[in-house]
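Breakdown of the fold
Letter by letter, the chains look like this.
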Amino acid sequence: MTPFTTLVALIAFAANSVLCRLALSEHELDANAFSLIRVLSGAATLLLLLGIKQRSFAALKHAVVESPKLLGVVSLMAYICFFSLAYVQLPTGIGALVLFFAVQMTMLGFQIYRGKQLEFAEWGGVILAFAGVIVLVSSDMPQPSDVESTSWFYILMMLMAGIAWGIYSILGKGVKDPLGTTTQNFVLGTLMALPIIGWWIDFSELTVEGVAYAVLSGSLASGVGYAVWYSALTKLKPVTAAISQLSVPLIASVGGLLVLSEPITMSFLISSVMVLVGICLVILSERKRDNG
């Protein structure tokens, strides 16, 4: 089941990019409003699922309030807020690419810091996957003459979102109750977000379509998707978890093409092959070492 749950989570990550771009660029939803609606709808959906699982209010209350991990809540909210700000301007595929580049740097850097020794084939896979990212960035990122249309400020925002998501994924490795922990993070994140960003929102400018996309992002792609991801993390090797997320920009780019008519370039096709081959090298190397 782990490959299936991992694939579901990765598709959910990519869906967040597409839904955010739809809400912000197509329906002019404010980034702060998108963030708040996303975390609110995610918390509501997760509370419903956890309530069905626990079957009693006392058990539900205990699961939500027991031993909260502040770093998990803060990293989740930092990711959600920086993510929305970045997608005010970044295209779907480029945004996902920058996001998960930062995620990989964070997760792999942490593993190396903890003394993780990568074998030759694993290093080859990592280098090939990152080379694929560099091919896409160097070809499709805006040139200096284009900085007015795509500000590097938004790229910085997405890098910050990636670092926050990397931390959130690292924390998820030791989680015993993925659904309960994800619910707790979203509920506490909602309580944190309401007083901080709630007063920035002009509710008169909300559109039905924009709110609908934010709700879908929060309830399905985020709430359910992140619970599935936390479940998969308990069974994935750290390096596999990190490298597998490099496929998200490729999935998001396809979504951008189908939904937003964003073009797929030759550099995208080349980088797709490089990233996917790199992922396969890492996974096969880890399996060979575990079986050997």
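1. Some points on the side chain of Arg38
- Along the polypeptide, Arg38 turns up in helix α2 (residues 31–54).
- One buried charged residue, Arg38, remains without a salt bridge, the closest side chain of opposite sign being Asp30 at 13 Å.
- Contacts of Arg38, omitting those with residues within four sequence positions, involve Asn16, Tyr79, Ile80, Phe83, Phe186, Ala214, Ser217, Gly218, Ser222 and Tyr226.

2. Here's the deal with the nonpolar core
- Ranked by internal contacts, the top residues of the largest apolar core, which has 78 residues, are Phe13, Tyr79, Met158, Trp165 and Trp229.
- Excluding its chain neighbours within four sequence positions, the residues that come into contact with Trp165 are Phe13, Tyr79, Phe100, Val103, Tyr226, Trp229 and Gln245.

3. Thoughts on the side chain of Ser222
- Its place among the elements puts Ser222 in helix α9 (residues 208–233).
- Looking at Ser222, its side chain comes within polar contact range of the side chain of Asn16, at 3.2 Å.
- Ignoring sequence-local partners within four residues, the contact set of Ser222 consists of Asn16, Arg38, Phe186, Ser217 and Ala227.

4. Observations regarding the pattern of salt bridges
- Inspection of every chain in the model, using the stated rule, returns one salt bridge.
- Notably, a salt bridge pairs Lys53 with Asp177, separated by 3.3 Å at the nearest N-O pair. One end of the pair, Lys53, is in helix α2; the other, Asp177, is in the loop between α7 (152–172) and α8 (178–197), with 124 residues separating them in the sequence.
- The exposure class assigned to Lys53 is partly exposed, which follows from its relative accessible area of 48%.
- Judged by its relative accessible area of 25%, Asp177 falls in the partly exposed class.

5. Overview of the environment of Thr234
- Within the element layout of this structure, Thr234 appears in the loop between α9 and α10 (238–244).
- Placed 31 residues apart in sequence, Thr234 and Thr265 show a C-alpha to C-alpha distance of 36 Å.
- In this structure Thr234 touches Lys173 and Val175, once residues within four positions along its chain are discounted.

6. Section: a nonpolar patch on the surface
- Where nonpolar side chains cluster on the molecular surface, the patch consists of Leu156, Leu159, Met160 and Ile163 and spans about 300 Å² of accessible area.
- Looking at the element boundaries, Leu159 is found in helix α7.

7. A look at the confidence of the model for the protein chain
- Summing up the model confidence of the protein chain, the mean pLDDT is 82 and the portion of residues at 70 or higher is 92%.
- Mean pLDDT values for the elements of the protein chain range from 69 in helix α3 (residues 57–65) up to 92 in helix α4 (residues 70–86).
- For residues 144–150, every residue scores under 50 in pLDDT, and the model assigns this stretch five contacts once sequence neighbours within four places are set aside.

8. So, the packing of helix α1 (residues 2–26) against α4
- Here α1 crosses α4 at 50°, and the two axes come no closer than 10 Å. Between α1 and α4, the interaxial angle falls into the category oblique. Considering the relative orientation of α1 and α4, their crossing is right-handed. Along the contact surface, α1 presents Asn16, Ser17, Cys20 and Leu24, while α4 presents Tyr79, Phe83 and Ser84.
- In terms of residue class, the contact of α1 with α4 is made up of four nonpolar, three polar and no charged.

9. Quick notes on the environment of Gly51
- Here Gly51 is to be found in helix α2.
- Note: C-alpha distance between Gly51 and Lys61 (10 residues apart in sequence) is 9.1 Å.
- Among residues more than four places away in sequence, those in contact with Gly51 are Ser56 and Leu60.

10. Regarding a negative patch on the surface
- A contiguous patch of negative charge on the surface is contributed by Glu28, Asp30, Asp202 and Glu205.
- Positionally, Glu28 belongs in the loop between α1 and α2.

11. Some words on the packing of α1 against helix α5 (residues 92–113)
- It is at 10 Å that the axes of α1 and α5 come closest, and there the two elements cross at 135°. Taken together, the axis directions place α1 and α5 in an arrangement best described as oblique. Of the two possible hands of crossing, α1 and α5 adopt the one that is right-handed. Seen from α1, the contacting residues are Phe13, Ser17, Val18 and Arg21; seen from α5, they are Thr92, Ala96 and Phe100.
- For the contact of α1 with α5, the residue count by class is four nonpolar, two polar and one charged.

12. Description of helix α11 (residues 248–260)
- Look at α11: 17 Å from first C-alpha to last across 13 residues, which is about the 18 Å you get at 1.5 Å a residue.
- When we look at burial in α11, the residues that qualify are Val248, Pro249, Leu250, Ala252, Ser253, Gly255, Gly256 and Leu260.
- In the segment just after α11, Ser261 is the residue with positive phi, at about 60°.

13. A word on the packing of aromatic side chains
- Within the structure shown, the criterion is met by 13 aromatic pairs.
- Where Phe13 meets Phe100, the ring centres are 6.0 Å apart and the plane angle is 25°; that geometry is what we call stacked. Taken as a pair, Phe13 in helix α1 and Phe100 in helix α5 lie far apart in primary sequence, 87 residues in all. Neither residue differs from the other here; Phe13 and Phe100 are each classed as buried.
- Three or more aromatic residues joined by ring pairs make a cluster, and in this case those are Phe13, Tyr79, Phe83, Tyr87, Phe100, Trp165, Tyr168, Phe186, Tyr226, Trp229 and Tyr230.
- The ring centre of Phe83 lies 4.9 Å from the NZ or CZ of Arg38, which sits over that ring.

Reading guide: rules and limits
- Residues numbered from 1 in each chain as written.
- Predicted model: local features only at pLDDT ≥ 70, side-chain atom pairs only at ≥ 80, totals over all residues.
- Heavy atoms only, no water.
- Helix = DSSP H or I, 4+ residues; strand = E, 2+ residues; numbered from the N terminus.
- Buried < 20%, exposed > 50% of the residue type's maximum accessible area, 1.4 Å probe, protein only.
- Lys, Arg positive; Asp, Glu negative; His and termini not counted.
- Salt bridge = Lys/Arg side-chain N within 4 Å of Asp/Glu carboxyl O.
- Contact = heavy atoms within 4.5 Å.
- Core = buried A, V, L, I, M, F, W, Y, C linked by side-chain atoms within 4.5 Å.
- Polar contact = N/O pair within 3.5 Å; in protein donor to acceptor, adjacent residues only side chain to side chain.
- Patch = residues over 30% accessible without salt bridge, like charges linked within 9 Å, V, L, I, M, F, W, Y side chains within 5 Å.
- Areas by Shrake-Rupley, 256 points an atom, 1.4 Å probe, with all protein chains shown as cover.
- pLDDT = per-residue confidence, 0-100.
- Axes fitted to C-alpha atoms, helices over the stretch in contact; angles between N-to-C directions.
- Parallel < 35°, antiparallel > 145°, perpendicular 65-115°, else oblique.
- Left-handed = near helix turned anticlockwise from the far one by under 90°.
- Nonpolar A, V, L, I, M, F, W, Y, C, P; charged D, E, K, R; others polar.
- Charge placed at Lys NZ, Arg CZ, Asp CG, Glu CD.
- Expected span 1.5 Å × (residues − 1).
- Phe/Tyr/Trp six-rings, centres within 6.5 Å; stacked < 30°, edge-to-face > 60°.
- Lys NZ or Arg CZ within 6 Å of the ring centre and 35° of its normal.

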